[in-house]
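An overview of the molecular structure
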Amino acid sequence: MLDPKLLRESPDLVRAAIAKKHLDVDVEALLTLDAAWRGQLQQVESLRAAQKAANTEMAKLPKGSPEFIAKVQEMKAVSTQVKEADVVLGETEARLKQAMMTLPNLPHASVPEGRTPEDNVVFATWGDVATLSPHAKPHWEIAGFEKLFDFARGSKVTGAGFPFYIGDAARIVRALLHFFLDENGKAGYVEVNPPIFVNAASATATGQLPDKEGQMYEAVADGFYAVPTAEVPLTNFFRDEILDEAALPVKRCAYTPCFRREAGSYGKDVRGLNRLHQFDKVELLKWVHPSSSYDELDALRGDAENLLRKLGLPYRVLLMCGGDLGFSQSKKYDLEVWSAGQKRWLEVSSCSNFETFQARRAQIRFRNADGKPELVHTLNGSGLAVPRVLAALLENNLQPDGRVKIPAVLVPYFGKEYLTFA
RNA sequence: GGAGAGGUGGCUGAGUGGUCGAAAGCAGCGCUUUGCUAAAGCGCCGUAGGUGUAACAGCCUACCGGGGGUUCGAAUCCCCCCCUCUCCGCCA
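Read on for an overview of the structure. (Residues numbered from 1 in each chain as written. Chains lettered and ligands numbered in written order. Predicted model: local features only at pLDDT ≥ 70, side-chain atom pairs only at ≥ 80, totals over all residues. Heavy atoms only, no water.)

Concerning the packing of aromatic side chains
Scanning the model with the defined rule gives 12 aromatic pairs in all. Considering the side-chain rings of W338 and W345, the 5.0 Å spacing of their centres and the 70 degrees angle between planes classify their relative orientation as edge-to-face. Ring pairs connect the aromatic residues F145, F149, F151 and Y165, which therefore count as one cluster. Taking NZ or CZ as reference, K251 lies 4.7 Å from the ring centre of Y189, over its face. (Phe/Tyr/Trp six-rings, centres within 6.5 Å; stacked < 30°, edge-to-face > 60°. Lys NZ or Arg CZ within 6 Å of the ring centre and 35° of its normal.)

Focus: the protein's contact with RNA strand B
Residues in close proximity to RNA strand B total 23 residues, the closest being R8, N55, A59, K76 and R365. Backbone sugar and phosphate groups make up 73% of those atoms of RNA strand B lying within 4 Å of the protein. Here a sugar or linking oxygen of RNA strand B and a side-chain polar atom of Q42 are 3.4 Å apart. In this structure, R365 approaches RNA strand B through a side-chain N or O atom, which is 2.7 Å from a phosphate oxygen. When contributions to the surface near RNA strand B are tallied by element, the ones reaching two or more residues are α1 (4-9), α3 (27-60), α4 (66-100) and β14 (364-367). For the surface near RNA strand B, the class distribution of residues is 9 nonpolar, 4 polar and 10 charged. (Near = heavy atom within 4 Å. Polar contact = N/O pair within 3.5 Å; in protein donor to acceptor, adjacent residues only side chain to side chain. Helix = DSSP H or I, 4+ residues; strand = E, 2+ residues; numbered from the N terminus. Nonpolar A, V, L, I, M, F, W, Y, C, P; charged D, E, K, R; others polar.)

Comments concerning the pattern of salt bridges
According to the stated counting rule, one finds 19 salt bridges in the structure shown. The shortest N-O distance in the salt bridge between D34 and R38 comes to 3.4 Å. Placement of both D34 and R38 in helix α3 is noted, with a separation of 4 residues, approximately one turn of the helix. The buried category is assigned to D34, whose relative accessible area is 4%. For the salt bridge of E183 with K310, the shortest nitrogen-to-oxygen distance reads 2.7 Å. Here E183 is found in helix α7 (residues 168-186), whereas its partner K310 is found in helix α10 (residues 293-311), with 127 residues between them in sequence. Overall, E183 belongs to the buried group, its relative accessible area being 10%. You can call K310 partly exposed: its relative accessible area is 36%. Through salt bridges with shared partners, one network takes in D298, R301, E305 and R309. (Salt bridge = Lys/Arg side-chain N within 4 Å of Asp/Glu carboxyl O. Buried < 20%, exposed > 50% of the residue type's maximum accessible area, 1.4 Å probe, protein only.)

This is the structure in structure tokens:
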């Protein structure tokens, strides 16, 4: 959510942001609605002031006196008026709030212009794609794949997109998670093991609600949502709190399974490990001082990149253009790993600065030098998502004999040098 | 899941249907006293929205777990929900 004052005082900034993100929002209607709301608010408040004044007066009068009774009669009318005006105000306020929610976050000046994914800027690349295994094939075509990654039984037991990982597959998942958490810990992120169900208030603060409820699995009886990412419980940890300025930046990471309904996905995107309804991911999160949030974003991206480098997986960094930026982000980098078998880039991390957009919804603040509460900037990024990293690992490191060579850094976690499908 | 007791400012903790945004204490900040520290005295000290200002100030309104209701008027009375604690039940 944007600062209402920003809309009021600099509507042109908001218009420019909407244009850069190639969205369509009626700013004029919003300004009109805002003006109406303020008018109604003042009306209600002046009626309330009258009530309060009368109240003070009546407290001094003898209870049953004629003056008292007269005053009660008089204030009955005001009471009715307040209630009526308050209903109108409440309706306007609800409409205004809903309309405000349609305003996207302002993109940062460094975000490139552009409309589609083709307009994203390749910011950096690492590793040599050409020298990878000539034996590479899509991971789902590797002999024995279906024994270790049992999609059929996953479908029987739960449904499509909920595979079983068996033997070496389960071990490599665990090794990757363990490796990610250890490395992130070394980089200064405190490990957290959060709830994997959240309530509606939390899902609203991070932007899953309203409108995106269809993307989450819901435990209806309890009003809980299965987390689509650890970002949700992690960010909400400090919801409605005021942090110490000296404590910033706060850096945390968490592993959770992530649950996504992914309605509407199809084709090659969903083959094998490319897109699942349940997958494992380690998320990085930072709460930072507004003055340093872009430096912190670069550092966060660097932390995620470092994981891919240590695994020896070639990747590129995309700087997302205005049109491909998320609604709530000011700036975003995607990390895409090269998948030698599919011959395509797979997104394994998305590192974003939300500035105050999430913090305003979640009311996460710090006390500044003047002693006044001020919104923090929140950043997050994957560090990393397991299935696609694993897909690239299986494909890029496939040996002529059908085994997969495990990167040296993972061997201590995995326990042996090759993953076998036999 | 059942029974009971609670939820008030950063913390502890008073609070009668009206003069309560809320006593008191602690913590914090400022000043005074003091050789320093400690101590004492005095003052300040919640958040949000609106209005206002060059910016402060000021003014108005809301907020006593959340949401409804009763009333001229609700922290206080009624209803629903959430959370915490104790006991019982169940259980990794």
